[in-house]
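Spelled out, the chains give:
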Amino acid sequence: MGNIKKIINGKEYSEKFLKQVYTLSTNFYKRFNRKPCLAVILVGDNTASGIYVKNKVHTAEKNGIKSVKVILSNKVSEASLLNEILKLNEDQNVDGILVQLPLPVHISEKNIIHSINPMKDVDGFHPINFGKLFMGNPNFIPCTPLGCYYMLKNELKELSGKNAVIIGRSNIVGKPMASLLLASNCSVTITHSKTKNLREHCKKADILISAVGIPEMVDETYVKNNAIILDVGINRLQFVNSETKANETKLVGDVNFGKVVNIAKKITPVPGGVGPMTIACLMHNTVKAAYKNKKQSFNDILGEIF
Ligand code: NDP
């Protein structure tokens, strides 16, 4: 029972957040006689990517956002993909563009990300948006760190002066997360695969954010008493069902929830933690892009971030 109070329920957070997104998207419809529109490009037949795209399209439609799906074969050339993006960049009725990653190896992710109009870059991966975030003048913020930030602000109210440690330095999670926390006056340590004494760094964290992709790597030896833990990792773990003896799989995070929950003050579970807020933030960014497309001011649900 005590442990339930410790769980940061990302599903509940996302439901409340999406209600506000829905209000904004319906107001947009009333003013402009069309819904905000998200274009999602899926290249190839990667099963996980297909599921992610399906979830994004489904959530968009439930929240008053039109979605356009562009499905391309995994043999599509980079030039053809760039041409699809160019068409969407020029289409006034498309507000947000998302290219589901990863792409087949013959296509440069960098070239693709750079080709998206920064004003439609709802993933926040374009260098202009990335740079704006780091310079304290954010436009579109990557969805996973934005969702983490939103939950942290709600859980902690005041982030100033906290020691935050991030495990992972990717462009989509670790680095933008660090920027958001730094702007909130945390003292931020970014760790990675070459970090020495990782445990010692983590042990100092008031806020520990793990985005590694190693199942249950973070156990009680990494965690300070009363730390807040956000587990970004999504890992599929194989196990043998002790009753049926069948091989099964389950989703786990980077954090060994069972070993850490008693030490932590608050913790996000996997699934049901960071994931739902990531999709909710994509919807937020799409509605924001729609208002910006119409050159209208946008009353941000998140308030002033900086
Ligand atoms: P990347 O593979 O791009 O980055 C992983 C990071 O972890 C790298 O910086 C790497 O270091 C670091 N790392 C790897 N091994 C270790 C180690 N032993 N000790 C310390 N650091 C290590 O992954 P992403 O950032 O894209 O994703 C991370 C995880 O988050 C994945 O499980 C992914 O599925 C999940 N994810 C979840 C989302 C959600 O919505 N919940 C959204 C996005 C991602 P180095 O740089 O030195 O290689």
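Residues numbered from 1 in each chain as written. Predicted model: local features only at pLDDT ≥ 70, side-chain atom pairs only at ≥ 80, totals over all residues. Heavy atoms only, no water.

*Asks:* How do you make sense of the sheet that holds strand β4 (residues 163-167) when you look at a structure like this?
*Replies:* Remark on secondary structure: sheet strands pair via backbone hydrogen bonds, oriented parallel or antiparallel. Strand order in this open sheet of five strands is β5-β4-β6-β7-β10, and the pairing throughout is parallel. With partners counted over all chains shown, the strands left at the sheet margins are β5 (187-191) and β10 (266-267), one partner each. Bridging between β4 and strand β6 (residues 207-210) involves four bridges; their strand directions are parallel. For I166, the partnering residue across the bridge sits in β6 and is I209. Where helix α7 (residues 143-156) meets the sheet, its contacts fall on β6, β7 (228-231) and β10, and the angle it forms with β7 comes to roughly 160 degrees. (Pairing = 2+ DSSP bridges. Helix = DSSP H or I, 4+ residues; strand = E, 2+ residues; numbered from the N terminus. Contact = heavy atoms within 4.5 Å. Axes fitted to C-alpha atoms, helices over the stretch in contact; angles between N-to-C directions.)

*Asks:* Whenever I open this one, the site of the ligand confuses me. Can you help?
*Replies:* Neighbouring the ligand are 22 residues; R169, S170, S193, I234 and T278 lie closest to it. Between the ligand and R169, the relevant distance is 2.7 Å, taken from an oxygen atom to a side-chain nitrogen or oxygen of the residue. In this structure, V232 approaches the ligand through a main-chain N or O atom, which is 3.4 Å from a nitrogen atom. Among the elements that take part in the shell around the ligand, helix α11 (residues 274-293) stands out by supplying three residues, more than any other. Considered class by class, the residues forming the shell around the ligand number 11 nonpolar, 10 polar and one charged. (Near = heavy atom within 4 Å. Polar contact = N/O pair within 3.5 Å; in protein donor to acceptor, adjacent residues only side chain to side chain. Nonpolar A, V, L, I, M, F, W, Y, C, P; charged D, E, K, R; others polar.)

*Asks:* Sorry, what's going on with the pattern of salt bridges here?
*Replies:* Side chains carrying opposite charge are able to pair once their charged atoms draw close together. Applying the stated rule across the entire model yields five salt bridges. Across the pair K11 and E15 runs a salt bridge whose closest N-O atoms are separated by 3.2 Å. Taken together, the positions of K11 and E15, both in helix α2 (residues 10-32) and four residues apart, correspond to about one turn of that helix. Note on K11: relative accessible area 48%, which makes it partly exposed. One salt bridge in this structure joins K87 and E84, with 3.5 Å as the shortest N-O distance. One end of the pair, K87, and the other, E84, are both in helix α4 (residues 78-90), three residues apart, so they sit about a helical turn from each other. On the basis of relative accessible area, K87 is assigned to the partly exposed category, the value being 48%. Looking at E84, the relative accessible area reads 21%, which means it is partly exposed. (Salt bridge = Lys/Arg side-chain N within 4 Å of Asp/Glu carboxyl O. Buried < 20%, exposed > 50% of the residue type's maximum accessible area, 1.4 Å probe, protein only.)

*Asks:* Just to check I follow, could you spell out the confidence of the model for the chain for this structure?
*Replies:* Low pLDDT means the predicted coordinates in that region are not meant to be read closely. Summing up the model confidence of the chain, the mean pLDDT is 96 and the portion of residues at 70 or higher is 98%. Confidence scores differ between elements of the chain, with helix α1 (residues 2-6) showing the lowest mean pLDDT of 82 and β4 the highest of 99. (pLDDT = per-residue confidence, 0-100.)

*Asks:* What is the right way to look at the sheet that holds strand β3 (residues 96-99) in this model?
*Replies:* Spatial ordering of the open sheet is given by β2-β1-β3, a layout of three strands whose pairing is parallel. Lying at the two open borders of the sheet, with one neighbouring strand each, are β2 (66-72) and β3. Taking the axes of each pair of neighbouring strands and ignoring which way they run, one obtains an average angle of 15 degrees across the sheet. Inspection of the sheet shows strand β1 (residues 37-43) paired to β3 by four bridges, in the parallel sense. Residue A39 lies in a different strand from β3, and its bridge partner there is I97. The strands touched by α4 within the sheet are β1, β2 and β3, with β1 carrying the most contacts at an inclination of about 175 degrees.

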